[in-house]
Amino acid sequence: MTQTVRTTTRDTTASATARMFAAGDIGSVVVTSSETKDILGIVTKSDIMHQVAVDADLSSITVGSFMSTPVVTVTSDKSIREAATLMREHSIQHLPVVDTDELVGIVTTTNLAHYLPRLRRNILRSRNELSSPDGP
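Rules used throughout
Residues numbered from 1 in each chain as written. Predicted model: local features only at pLDDT ≥ 70, side-chain atom pairs only at ≥ 80, totals over all residues. Heavy atoms only, no water. Helix = DSSP H or I, 4+ residues; strand = E, 2+ residues; numbered from the N terminus. Rg over C-alpha atoms; globule rule 2.2 N^0.38 Å. Buried < 20%, exposed > 50% of the residue type's maximum accessible area, 1.4 Å probe, protein only. Contact = heavy atoms within 4.5 Å. Lys, Arg positive; Asp, Glu negative; His and termini not counted. Charge placed at Lys NZ, Arg CZ, Asp CG, Glu CD. Core = buried A, V, L, I, M, F, W, Y, C linked by side-chain atoms within 4.5 Å. Pairing = 2+ DSSP bridges. Axes fitted to C-alpha atoms, helices over the stretch in contact; angles between N-to-C directions.

**Some words on the overall build of the protein chain**
In step 1: The helix and strand tally for the protein chain stands at four helices and six strands.
In step 2: Each helix and strand of the protein chain, ordered N terminal to C terminal, gives the series β-α-β-β-α-β-α-β-β-α.
In step 3: Scaling as 2.2 N^0.38, a compact globule of 136 residues should have a C-alpha radius of gyration of about 14 Å, whereas the protein chain reaches 18 Å, well beyond that.
In step 4: When its C-alpha atoms are laid out on the principal axes, the protein chain stretches across 70 × 30 × 25 Å.
In step 5: Evaluated residue by residue, the protein chain yields a buried proportion of 32% over its 136 residues.
In step 6: A fraction of 48% describes how many contacts in the protein chain between residues 6 or more apart in sequence connect residues 24 or more apart.
In step 7: Positive and negative side-chain charges of the protein chain, numbering 13 and 15 respectively, have mean locations separated by a distance of 9 Å.

Below, the structure is given as structure tokens:
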């Protein structure tokens, strides 16, 4: 997971959010309450592109009006496999990670893609150990 998660409030404009995406080379921001820091929604680059496609005024429309909610989350004690399953089941590419209702990270499809080679090596190593004459 990525531990640094960009957040914003529901009153942030789409144009300000788009600038955050560009400046931070990120694909999503988690929308939180300015008072409680509770997760209220999530906005992705695709959400911004949709607003552009419908000719929304990006300088006046706020993310609170088009953010995805409720937000699917996972706790940090879950495995990468469980996170990937949640992402597949909900057709999402950004999965916030929470501990005791506090945002601690985010898992993205990019994170999964970076993890795949390691997962493949572990699977092959396990297969080799099982098939080796000295294996368990």
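**Here's the deal with the nonpolar core**
In step 1: Ala 14, Met 20, Phe 21, Ile 26, Val 29, Val 31, Val 43, Ile 48, Ile 61, Val 63, Phe 66 and Met 67 together form the largest nonpolar core, which totals twelve residues.
In step 2: Among the elements of the structure, α1 (14-24) and β2 (28-32) are those that each provide at least two residues to this core.
In step 3: Element by element, the count of residues in this core is highest for α1, at three residues.
In step 4: Among residues more than four places away in sequence, those in contact with Ile 48 are Ala 14, Thr 17, Ala 18, Phe 21, Val 43 and Phe 66.
In step 5: Core analysis: the next-biggest nonpolar cluster, separate from the first, contains seven residues, Val 74, Leu 95, Val 97 and Val 107 among them.

**Remarks on the pairing of strand β5 (residues 94-99)**
In step 1: Most of β5 is tucked away: five of the six residues are buried.
In step 2: Both strand β4 (residues 74-75) and β5 contribute to a ladder of two bridges, which runs parallel. By the bridge assignment, Thr 75 is partnered in β5 with Val 98.
In step 3: Here six bridges tie β5 to strand β6 (residues 102-108), and the two strands are oriented antiparallel to one another. Looking across to β6, one finds that His 94 is bridged to Thr 108.
In step 4: Between β5 and β6, which follow one another and run antiparallel, lie two residues, and Thr 100 among them has a positive phi close to 45°.

**Notes on the sheet that holds strand β1 (residues 7-8)**
In step 1: The three strands are arranged β1-β2-β3 in an open sheet whose pairing can be described as mixed. Two strands lie at the open edges of the sheet, namely β1 and β3 (39-44), each paired on one side alone.
In step 2: Relative to β2, β1 runs parallel, the two being bridged by two bridges. By the bridge assignment for β2, Thr 8 is matched with Val 31.
In step 3: Lying over the sheet, α1 contacts β1, β2 and β3, oriented at roughly 135° with respect to β2.

**Topic: the sheet that holds β6**
In step 1: Strand order in the open sheet made by the three strands is β4-β5-β6, with mixed pairing throughout. In this open sheet, the two strands that pair with only one neighbour each are β4 and β6.
In step 2: Strand contacts of helix α3 (residues 80-90): β4, β5 and β6, with the helix running at about 130° to β5, the strand carrying the most contacts.

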